[in-house]
Amino acid sequence: MPKSRNDILQGTLSLLVLKTLAARGSLHGYAITSHIQTVSADMLRVEEGSLYPAMHRMEQDGLLRAEWGTTEKNRQARFYSLTAKGRKQLAQEEESWARLTEGVRRVLRYA
Amino acid sequence: MSWLRRLRNLAGSNRHSADIGRELAFHLSERTDDLIARGMTPEAAAQEARRQFGNYGGQKERTRDAGVLTSLDTFVADLRYAIRALRHSRAFALIAILSLALGIGANTAIFTLIDAVMLRSLPVSHPEELVQVQTSDGGSDVTNPIWEAMRDRQSVFSGVFAYASNDRFNLTTGGEPRYANGDAVSGDFFRTLGVQPELGRLLSMTDDRSGCEPTAVLSDAFWRSVYGADQNVVGKTISLDSHLVRIVGVSQAGFNGLDVGKSAQVFVPLCADPVLTARADLLTNRSEWFLTMIGRRKDGLSSERVQAGLRLIAPAVFAATVPDGASADRQTTYMAQGFATAPVGTGMSALRQQYSGALLALMGIVALVLLIACANVANLLLARAASRQRELAIRVALGSARGRLIRQLLTESVLISAIGAAIGLLFARWGCRLLVAFLSTADKPIYLDLSVDRRVLGFNIAVAVLTGLGFGLGPALRAARVDPNAALKSNGRGTIHGQRRWTVGKALVVAQIAISLTLVVGAGLLVGTFRRLATVDPGFAPDGVMLVRAELPPGSPDGASKLAAQTDVLRRLRAVPGVTSASLSVLTPLTRAGWNGELDVDGYVPRSRKDAIAFFNETTSGYFQTLGTPLLAGRDFESGDRIGSPKVAIVNVALGLRFFSTPNPVGRVLRVKQGKRTGDPVTIVGVVKDAKYNSLRAPAPPTVYLATSQDTAVGTSLNAELRVTGGVSSIVPDVKAVLADVSPRVTVTFMPFATQLNDSIKRERLLATLSGFFGALALLLAMLGLYGVMAYNVARRRNEIGIRMALGAAQQRVAGMVLGEVATMLVVGLLLGGALTVGATRLIKAFLFGMGATDPATFGGAIALLAAVGLIAAYLPARRAAGVDPMQALRDE
């Protein structure tokens, strides 16, 4: 199956979700996709089919907390926010991402 | 939108699926709004939002992150699919389900019997604590003096009781008898077992006092069937062998005494047994071995401690109960014996002793039949998987995981076996009843609890699942290995893969042939055994002989009037129209009853006590003529053989050879040992041909026939033998009238001698019938398997055969190719089967009569039969192969 061009690298989705929630506080799923898309200047597009299963898994793992709330358009939506455990996870994932990109950078430079 | 379902299930444990639906609906509407804001029409926007959402429908299913709910969901989907698939191929489903139903049904039926006869615990509290106490000298029965001495001295049981189970009470007074099985039980019977009353009270210590008034407790089943669960039954009387006995209560439902296969219907106190059985000295006699002793181990006492406790009291018990008139030798061995114990948690059973071996042999047979049935279904599945190759290939090409595919196929095979097992359970219920009816005899009905308990159900389900996985796994793995490219390209008619796939099919057929050989040889041996037993010369001519057993009312006349009465009865029986000869005797042949004793013959020194033993019967004149045993020398009893005249006997050839070293010892003298004393000299006046005594299997033992007319002992029953012209039953009314005339309270039972003879080889008949049936079934299944594989093979190779023929192969050559393939499978199967069979038939050696476990004729016959059946199965496919029209076959390509 051909991967879509802007498919998000496996494993980075949770990092993006955690970072987004850390930066913006409480958000619903659609806002998270929009945020990632906007901030990455349309370079990254989050697929719904990956986002929701991932967020629910993270919720089950205790990284996220979710509540029903009302949007400015007066629609019922589920708002996600970080837990303490989520923050810790974010720090870890940021660090390992930094290591990974550094490693890749070095390889690209010297190999 | 399968990811949606996955998501729903993933979160399912703590979130409601409607919740997720709402969340996703929200997402969808936000996206739609956005798209509208960018200038799309609302319809187009909604469609586009949905399109983006559904993008993942074709995504590969990642079953590994499925929760329990997902599995369940998939399972339901698989099940639906399986049902649909089976509906599409009804013939396949029917054959597969039916052959499994037969196989599983047979296994469940035999297991139900094994469960009922051997495994089921007694319905009493803590049956595992119950212990039977036997004498170590071998007898499981004890005398009443031993029981009382043991009871008064023991300290290892919290409760202990003895009972006699072989009582059969006649419920009627005169006329056609109706019997109830009775247990005579000691006072603590019910308390020790922990059985509760259903109604009234049970027997207790106060009921069991010497010289007691008889009272009776009915079993729940008897109360329901005979008294219609009458609530006012307590206080009524029941007639037991013409004694009116007061009913005091009804025992707990489900409790039918301790003997499996025989249900106790009436319980009476042991103290009443002498009165009811009209044997006054029953309880004081030190040679009446008729009681079973059972104790309940005290809390926490190990069986070693129990044995130690019994060892301690054994010398005192046996010293106090030495049989009267025992020789000095006998006294010493008697007093030196100890007690042995045996667990009774699953009850006592003569049935078990008689049939457990046969049941286990049958279990082996039906297990093999099931294996063959499984192989057949596996072969069918393989063929089906081959024809479904395209379907599976398309599913793989569309992204279905192979694991899912395997699960799907396994669901199908387990579904088949589950339906088979359900039908099999019905077959089993029906088959069990049939078997029990088959084993019951008129005078010994068998009662077994054949209800489906947890163990039987568990067995049934386990067999279903195991067979489903067993025959399904191979084909499923193979089918899932399909290469979509090749399968789709080859237009569903595999050419390269064909060869490999069918080696598995052939291996299955070879296994079927091998197992079938074992079953056919086993059946041959068992049928041969039965045939030999049925045709062995018993030493009499049973056809046309009716046996009559009369139970005399208690209070019989003295010896002299007894003899007069007997002479009178005999005279009148001989006068009944249709009776050509008649006689009376103490025993009739081929029952379990026997009478033996030691002989003392001048000039014969027995090497062991066993060598001095002869078997006895006591008859009137005409006995041999009636039964058809030829008198070889000397004379029959005659009117001159009276009380006071010199004692005479007729013996058989075996006795002459053993004790007198001549087949004709007429005129010689023998004495019968009675305890220490040796009886009066008895002169041999006649010699008869050897006739079977207890069993058709055993050779006729040395037998002495004494004269009824020289014996004044009074019995409570009478056996008469009548040789009848015409139907044996035609004389029944007249004989009844004669006996009723003698005593209005006499009860009479009739049994054609041929039936008694057949009943004595019931077990052999059962084994022969069932093994023959299953052998034929195995043969049929193997034939179907072979035919199926070859027919399929020929169909698949039609192109190849067409090419061969186009290139000049003759029809015979093509047919020969098919037959050659079959012959190879047959030879390999028969070789393997031969080895298997030699190992397996050794297990049934004990059942065989007159033939060895490797009887060459049986082996040869079975091999020839299988080879013939195999070639018949191959005939049609071979003809079809030879009939292939090359033009047609190649045009299709």
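Residues numbered from 1 in each chain as written. Chains lettered and ligands numbered in written order. Predicted model: local features only at pLDDT ≥ 70, side-chain atom pairs only at ≥ 80, totals over all residues.

Draft legend 1. The overall build of chain A, seen in detail. Across its full length, chain A holds 4 helices and 3 strands. What you see in chain A, going N to C, is helices and strands ordered as α-β-α-α-β-β-α. Taking all 111 residues of chain A together, the buried fraction comes to 26%. Pairs at least 24 apart in sequence give 51% of the contacts found in chain A among residues at least 6 apart. (Helix = DSSP H or I, 4+ residues; strand = E, 2+ residues; numbered from the N terminus. Buried ≥ 20, exposed ≤ 12 C-beta atoms within 10 Å, placed from the backbone. Contact = placed C-beta atoms within 7 Å.)

Draft legend 2. Here's a closer look at the overall build of chain B. Scanning chain B for helices and strands turns up 27 helices and 21 strands. Evaluated residue by residue, chain B yields a buried proportion of 42% over its 893 residues. In chain B, 83% of the contacts between residues at least 6 apart in sequence involve partners at least 24 apart.

Draft legend 3. Molecular detail of the nonpolar core. Residue and element names in this part refer to chain B. Among the nonpolar cores identified, the biggest contains 176 residues, and Ala 216, Val 369, Ile 372, Val 377, Ile 513 and Ala 778 are the most heavily contacted of them. Broken down by element, the residue count for this core peaks at 24 residues, all from helix H12 (residues 350-387). Here Ile 372 is in contact with Gln 512, Ile 515, Ser 516, Ala 778, Leu 781 and Ala 782, once residues within four sequence places are set aside. Residues Leu 573, Phe 637, Ala 649 and Val 746 belong to the second largest nonpolar core, which totals 55 residues. (Core = buried A, V, L, I, M, F, W, Y, C linked by C-beta atoms within 7 Å.)

Draft legend 4. Quick peek at the sheet that holds strand E3 (residues 76-82) of chain A. Residues and elements named next belong to chain A. One open sheet accounts for 3 strands, arranged E1-E3-E2; its pairing is antiparallel. What marks the edges here is a single partner per strand, and that holds for strand E1 (27-28) and strand E2 (64-70). Looking at chain direction, E1 and E3 are connected through 2 bridges and run antiparallel. Residue pairing across strands places His 28 opposite Phe 79, the latter belonging to E3. (Pairing = 2+ DSSP bridges.)

Draft legend 5. Quick peek at the environment of Arg 763 of chain B. All names here are of chain B. Inspection of the secondary structure puts Arg 763 in helix H23 (residues 762-796). Put simply, Arg 763 and Ala 358 are 405 residues apart on the chain and 7.6 Å apart in space, counted from C-alpha to C-alpha. The contacts of Arg 763, once residues within four sequence positions are left out, are Gln 354, Tyr 355 and Ala 358.

Draft legend 6. Just the confidence of the model for chain A, in detail. Looking at chain A, pLDDT values average 83 and 89% of them are 70 or higher. Throughout residues 1-6 of chain A the model reports pLDDT below 50, and contacts reaching past four residues in sequence, or to other chains, amount to 3 contacts. (pLDDT = per-residue confidence, 0-100.)

Draft legend 7. Local environment of the pairing of strand E6 (residues 237-240) of chain B. Side chains Ile 238 and Leu 240 of chain B project from E6 of chain B onto a buried face, and the interleaved Thr 237 and Ser 239 of chain B project onto a face without burial. The antiparallel pairing of E6 of chain B with strand E7 (residues 243-251) of chain B creates a hairpin that spans 2 residues between the two strands, and Asp 241 of chain B there sits at a positive phi of about 45°.

Draft legend 8. Quick peek at the confidence of the model for chain B. Residues and elements named next belong to chain B. For chain B, per-residue confidence averages 83 on the pLDDT scale, and residues scoring 70 or more make up 90% of the total. Across chain B, the secondary-structure element scoring lowest on mean pLDDT is helix H1 (residues 2-11), at 53, and the one scoring highest is strand E16 (residues 648-652), at 95. Under a pLDDT of 50 for its full length, residues 492-501 has, in the predicted model, 9 contacts with residues more than four places off or in other chains. Prediction confidence for the complex, expressed as pTM and ipTM, is 0.67 and 0.83 respectively.

Draft legend 9. Structural view of the packing of helix H6 (residues 144-153) of chain B against helix H10 (residues 303-319) of chain B. Residues and elements named next belong to chain B. For the pair H6 and H10, interaxial distance at closest approach is 9 Å and the crossing angle is 140°. In terms of orientation, H6 lies oblique with respect to H10. Here the hand of the crossing between H6 and H10 comes out right-handed. Contact with H6, carried on its side by Ile 146, Ala 149, Met 150 and Arg 153, involves Ile 313, Ala 316 and Val 317 of H10 and no other residues of that element. Classifying every residue of the contact of H6 with H10 by side-chain character gives 6 nonpolar, no polar and 1 charged. (Axes fitted to C-alpha atoms, helices over the stretch in contact; angles between N-to-C directions. Parallel < 35°, antiparallel > 145°, perpendicular 65-115°, else oblique. Left-handed = near helix turned anticlockwise from the far one by under 90°. Nonpolar A, V, L, I, M, F, W, Y, C, P; charged D, E, K, R; others polar.)

Draft legend 10. Region of interest: unusual backbone geometry. For Asn 74 of chain A, which is not a glycine, the phi torsion comes out positive at approximately 65°. Following the sequence through the fold, Asn 74 of chain A ends up in the loop between E2 and E3. Look at Asn 74 of chain A and you get exposed, because 6 C-beta atoms sit within 10 Å. Phi angles above zero are rare outside glycine, and Ser 242 of chain B is one such case at about 70°.

Draft legend 11. Summary view of helix H13 (residues 389-397) of chain B. Within H13 of chain B, the full set of buried residues consists of Gln 389, Leu 392, Ala 393 and Val 396 of chain B. An end-on view of H13 of chain B places all buried positions within 100° of arc, on one side of the element. (Arc of directions from axis to C-beta.)

Draft legend 12. Examining the packing of helix H14 (residues 402-439) of chain B against helix H15 (residues 454-480) of chain B more closely. Residue and element names in this part refer to chain B. Viewed as axis vectors pointing N to C, H14 and H15 meet at an angle of 145°, and their least axial separation amounts to 7 Å. Two packed elements cross with a definite hand, and for H14 against H15 that hand is right-handed. Split by residue class, the contact of H14 with H15 holds 21 nonpolar, 8 polar and 1 charged.

Draft legend 13. A look at the environment of Arg 571 of chain B. Among the structural elements, Arg 571 of chain B can be located in helix H18 (residues 559-575). Sequence separation of Arg 571 of chain B and Ser 583 of chain B is 12 residues, and the distance between their C-alpha atoms is 9.5 Å.

Draft legend 14. Representation of the pairing of E2 of chain A in the model. Residue and element names in this part refer to chain A. Across 7 bridges, E2 lies against E3 in antiparallel orientation. Bridging from a neighbouring strand, Gly 69 pairs with Ala 77 of E3. Counting the residues between successive antiparallel strands, the hairpin from E2 to E3 contains 5 residues, one of them, Asn 74, with a positive phi of roughly 65°.

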